[in-house]
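# Inside the fold
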Amino acid sequence: MNSTFVRSISRVSATGIRSLHGGATKKTVPASRGDIADPTAFLTKIGRNSVSVADKFKSWEHLFTASTAEMKSDMALSVKQRRWILSWIEKYRQGVEPYVIPAKPVKKKTK
């Protein structure tokens, strides 16, 4: 058997497979585009009352580098707010301009 392979297998079994992942890649902070220049403008554009948490983000960089755990513990954002903001942050990184997607109304149950 290849000695390099054997060494790598022994390292995996000793430290676990997660040691091979090397950590998450560093997320890029995109430049502001158009009329979106700060977190308040971005959160206003994506809608769903996201602008109500704009004061919790210190800067444009902080908006794009804040982790889910930080948004949960330090900023006390709900799961829905975190998922909505994080999904739009990723779309913005990929070049999609923010637009409002209205929430579907909750249907009343009938008997």
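Residues numbered from 1 in each chain as written. Predicted model: local features only at pLDDT ≥ 70, side-chain atom pairs only at ≥ 80, totals over all residues. Heavy atoms only, no water.

### Section: the side chain of Arg82
- Counting through the fold element by element, Arg82 comes out in helix α5 (residues 79–93).
- Among the polar contacts listed, one links the side chain of Arg82 to the backbone oxygen of Leu77, at a separation of 2.7 Å.
- Leaving out residues up to four positions away in the same chain, Arg82 has contacts with Thr68, Met71, Lys72 and Leu77. (Helix = DSSP H or I, 4+ residues; strand = E, 2+ residues; numbered from the N terminus. Polar contact = N/O pair within 3.5 Å; in protein donor to acceptor, adjacent residues only side chain to side chain. Contact = heavy atoms within 4.5 Å.)

### Points about unusual backbone geometry
- Although it is not a glycine, Asn49 sits at a positive phi angle of roughly 60 degrees.
- Position of Asn49 relative to the elements: it lies in the loop between α2 (39–46) and α3 (60–65).
- Here Asn49 falls in the exposed class, since its relative accessible area comes to 55%.
- Backbone geometry at Ala76 places phi at a positive 55 degrees, although glycine is not the residue there.
- Mapped onto the fold, Ala76 is located in the loop between α4 (68–73) and α5. (Buried < 20%, exposed > 50% of the residue type's maximum accessible area, 1.4 Å probe, protein only.)

### Things to note about the packing of aromatic side chains
- Within this structure, the stated rule accounts for eight aromatic pairs.
- Ring geometry for Trp60 versus Tyr92: centroids 5.7 Å apart, planes at 75 degrees, classification edge-to-face. Here Trp60, found in helix α3, pairs with Tyr92, found in helix α5; they are 32 residues apart in sequence, far enough to count as distant.
- For Tyr92, a relative accessible area of 0% corresponds to the buried category. (Phe/Tyr/Trp six-rings, centres within 6.5 Å; stacked < 30°, edge-to-face > 60°.)

### Topic: the nonpolar core
- Counting residues in hydrophobic clusters, the biggest one holds 19 residues, and the most contacted among them are Phe42, Leu43, Phe57, Met71 and Ile85.
- Contributions of two or more residues to this core are made by α2, α3 and α5.
- Tallying contributions element by element places α5 first for this core, with five residues.
- Leave out the neighbours within four places in its chain, and Met71 touches Phe57, Ala66, Ala76, Leu77, Arg82, Ile85, Leu86 and Ile89. (Core = buried A, V, L, I, M, F, W, Y, C linked by side-chain atoms within 4.5 Å.)

### Quick look at the packing of α2 against α5
- Taken N-terminus to C-terminus, the directions of α2 and α5 make an angle of 105 degrees; their axes are 11 Å apart at the nearest point. Between α2 and α5, the crossing angle belongs to the class labelled roughly perpendicular. Residues Phe42, Leu43 and Ile46 of α2 lie in contact with α5, whose contacting residues are Trp84, Ile85, Trp88, Ile89 and Tyr92.
- Of the residues contributing to the contact of α2 with α5, the split by class is eight nonpolar, no polar and no charged. (Axes fitted to C-alpha atoms, helices over the stretch in contact; angles between N-to-C directions. Parallel < 35°, antiparallel > 145°, perpendicular 65-115°, else oblique. Nonpolar A, V, L, I, M, F, W, Y, C, P; charged D, E, K, R; others polar.)

### Looking at the environment of Val51
- Inspection of the secondary structure puts Val51 in the loop between α2 and α3.
- In this structure the C-alpha to C-alpha distance between Val51 and Ala41, which are 10 residues apart in sequence, comes to 8.0 Å.
- Discounting residues that sit within four places of it in the chain, Val51 has contacts with Thr40, Leu43 and Thr44.

### Quick notes on the pattern of salt bridges
- All chains considered together, the criterion is met by three salt bridges.
- Close ionic contact of Glu97 with Arg33 constitutes a salt bridge, the shortest N to O distance being 2.7 Å. With Glu97 in the segment after α5 and Arg33 in the loop between α1 (3–15) and α2, this residue pair connects regions lying 64 residues apart in the sequence.
- For Glu97, a relative accessible area of 39% puts it in the partly exposed group. (Salt bridge = Lys/Arg side-chain N within 4 Å of Asp/Glu carboxyl O.)

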